Structure formats: structure tokens, C-alpha cells
Amino acid sequence: MAGLAPAPFCGMILADFGAKVIRIDQEPKTTSPDRLARGKLSVAVNLKKNEGVAIVRKLCKTADVVIEPFRPGVMERLGLGPKELLDKNPGLVYARLTGYGQTGPLSQRAGHDINYLAITGLLSRLGWKSDLPSPPINLLADFAGGGLMCALGITMALLNRARTGKGQVIDSNMVDGAAYVGSFVYQMLDSPIFTAKRGEGMLDGGAPFYDTYKTKDGKFMAVGALEAKFYKNFIAGLGLKTEDASQFMDWKVLRKLFADTFATKTQKEWCETFDNVDACVTPILTVDEAVGYEHNASKGTFAEAAPEKFVPQPAPRFSDMPLDVSNVQPFVGQHTAQVLSELGYSAEEIKKLGKDGVIEQAHPSRV
């Protein structure tokens, strides 16, 4: 079922790795805000009409997986809940991807990544010591804890079905998923890596040797010289003496020393210094710069999806599973007639469904 961000990402992952993914669009329109639809088919169906619901039910009778992104109860009210669909297709994996989950006091509440992340406790750990908690765009809950975790859940459920023959319902939600992604943080709270307060630990901006610095030309470098051997190389690369920059001296003094030193050269000059030194120092690239970066270009990390528009390619990579990734985004209703024909609808029936406002068939000339 069409949605925004997490569910489309989940579907895109499955499509990237070879699944036939059909997006059910519910409104008669020719454009969609979904930018994560590459490789998918689009069928536009009016679910306010019984005939439209019947089309989706027919699709689900032979489907392996359903992904739905609505609040609990919406699919049941449409007559497309897990009970109805699993009765007809016992092997179906029914993935429910929501913010707060199917149960609990907040299950019917609206929210966004920042809200889901907030109640996991993880947002309280993100940001500078002297500032407010800061969300890392909407990556942790929406995409890592939401779409990616849902895709993993689907593959686990399909693996289980291969053993048992049974489908099941997956409650994949962004609160649980983001909390799970943060397992390392929770398990390490009593270690020296973290402290009781945000921004004072080894990995959250507290340590000057695990931080970012501005260069002479207004660009930035990332430093992750945690281990002693890398720190030694880092100090040497900066042209400093170890006795003047001991790793565990006053961090405030050390940070200023590093900041002042980085400010003396451009990013390019620092790259020339550290490119062949194992010091865990790298340039902070813009999204445009990342495409042409030598390492990324050598591996094909990004591919051109449209003129001057590059997008990341699937990860991980497999030794014996070549991927044929399409970077083409479907327009709404592009494949309606094709999919209905495969379901057994005649050309006359498809024409009538269109005339009655049950389906939408888009054509390139109308986009």
C-alpha cells in the first residue's frame, strides 16, 4: 500500500533485490510524493468502492507479502485486514509498518521520526553538550528502525514460512525498531564510552579525537582516531608533538588545539596529508561531492538515475546474486491495466472499471 518514507523504502529494498513489488495507489493522480519507488509497478485503485477493494483482495490471494503503513484499524475498516487476507492466503506475510505499533497508549496517535526517537531515549543522547537534543534528519526511526527493520522482518517471516508453510502478521514499528537499532547505546551506558550526560562521551562529540573540524576554506574534516595507534598517526599528520597533545589531557584544550591546526590548511591539503595515513581522518563531503569521490566511484556506490541526478545503489553486495536495478520511478497508475490483465480481467472489464472510477490508468503523455 502506498505511503511515505518508511514503507516505500521497505518496498524499494525488496524490489532492488529482485522482488516484484506492486504499489497500490489510492488516489486518481499522475504524480506521487514517493521518491523511493524505483523498480516497482503502480496500480491506482479507488478503495472507497467495493470493486476497488475486491481488486486488492484478488492481488493478495497470490501475493507473498503485503506492506501496509496505516494506523491500526484502517485496513480492517477497508475489509483488507490480516484476518480477511490470511483466511484466503494462509502463507501471506502481512507487514504492518507504523510509528507506535499495533498496541499501546500511543498506537492511534500521529507522529514523526523525531517523536518516535524521542520516546526511545535515544534522542536524549544526540546533540552537543551545550545545545538541545538534535535529531539526525529522519534516518534513525523512519528508515533504520522503520523501513529497513521491516524489510528484515519480512525476510525472517519468509524464511519461517519456508520451514512451516505458514504466513504471519508482523508488527514493525519505528519506536521498537529505533530502540533495537540503539542496542549498543543501551548496553554500553555503564562503560567509559558513554557518560551520564549527552556530549561528554567518546562517541557523541565529547572526545576531541572523535569530532569534526573546519578547514581554512570553510569545509570540514571528520576525525575518528580512537585507538592509540591511529591517534599517534593523527597527531603526526597534524604536525604536532605527542607530548603537546596527549590523548587524555584536558579535552577542552585539546579540541582548541585541533581546531586551530585544521584551520591552517584547506580540506584538499588535509586530504593530501591523510589520504595515505591510517589515522581515521576523512573529508566531510557534500552529497554532490560524494558521487565523484574516488572510493565511491570505483565501487559504483551511486548511479545516475536521471541527468545529473545520482542515487545510492543497493547494499550489501553478493558474490553470487547479480542485481538488475531499475532507477526508473513509476508514475501513478502506470501499470494498472497490465497488472489487472495478469489477474484475469478482460480488456472490456478493465475499461469499465476505469469508466466507473474504480481504477486509474495513467499514460506518459498525461504526466
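Here we summarise the structure given alongside this text. (Residues numbered from 1 in each chain as written. Predicted model: local features only at pLDDT ≥ 70, side-chain atom pairs only at ≥ 80, totals over all residues. Heavy atoms only, no water.)

## Structural notes on the sheet that holds strand 2 (residues 41-45)
Strand-to-strand pairing in sheets goes through backbone hydrogen bonds, with the strands running parallel or antiparallel. One open sheet accounts for 3 strands, arranged 1-2-11; its pairing is mixed. Sheet topology places strand 1 (22-25) and strand 11 (359-360) at the edges, where each strand pairs with a single neighbour. Taken together, the 2 bridges between strand 2 and strand 11 define a ladder with antiparallel strand orientation. Considered in strand 11, the bridge of Val45 is made with Ile359. Across the sheet, helix 14 (residues 336-343) touches strand 1, strand 2 and strand 11, and the angle it forms with strand 2 is around 85°. (Pairing = 2+ DSSP bridges. Helix = DSSP H or I, 4+ residues; strand = E, 2+ residues; numbered from the N terminus. Contact = heavy atoms within 4.5 Å. Axes fitted to C-alpha atoms, helices over the stretch in contact; angles between N-to-C directions.)

## Looking at helix 6 (residues 139-164)
The axis of helix 6 is deflected most strongly, by about 30°, at Met149. Those residues of helix 6 that fall on the buried side of the exposure criterion are Ala141, Asp142, Phe143, Gly145, Gly146, Gly147, Met149, Cys150, Ala151, Ile154 and Ala157. Looking at the packing, one finds that the buried side of helix 6 touches helix 1 (6-16), strand 3 (65-68), strand 4 (93-98), helix 5 (113-118), strand 5 (168-173) and helix 7 (174-181). Positive backbone phi, approximately 80°, marks Gly165, located one or two places after helix 6. (Bend = angle between axes of the 7 residues up to and from the residue. Buried < 20%, exposed > 50% of the residue type's maximum accessible area, 1.4 Å probe, protein only.)

## Points about the side chain of Ser172
Mapped onto the elements of the fold, Ser172 is located in strand 5. Beyond its immediate stretch of four places on either side in the chain, Ser172 contacts Arg96, Leu97, Thr98, Gly146, Met149 and Cys150.

## Brief notes about a nonpolar patch on the surface
Taken together, the side chains of Leu152, Met156 and Leu159 make up a nonpolar region of the molecular surface, amounting to roughly 280 Å² of accessible area. Inspection of the secondary structure puts Leu152 in helix 6. (Patch = residues over 30% accessible without salt bridge, like charges linked within 9 Å, V, L, I, M, F, W, Y side chains within 5 Å. Areas by Shrake-Rupley, 256 points an atom, 1.4 Å probe, with all protein chains shown as cover. Salt bridge = Lys/Arg side-chain N within 4 Å of Asp/Glu carboxyl O.)

## Here's the deal with the environment of Gly165
Mapped onto the fold, Gly165 is located in the loop between helix 6 and strand 5. For the pair Gly165 and Leu140, spaced 25 residues apart in sequence, the C-alpha to C-alpha distance is 33 Å. Once you skip the residues sitting within four places of it in the chain, Gly165 turns out to touch Gly91 and Asn160.

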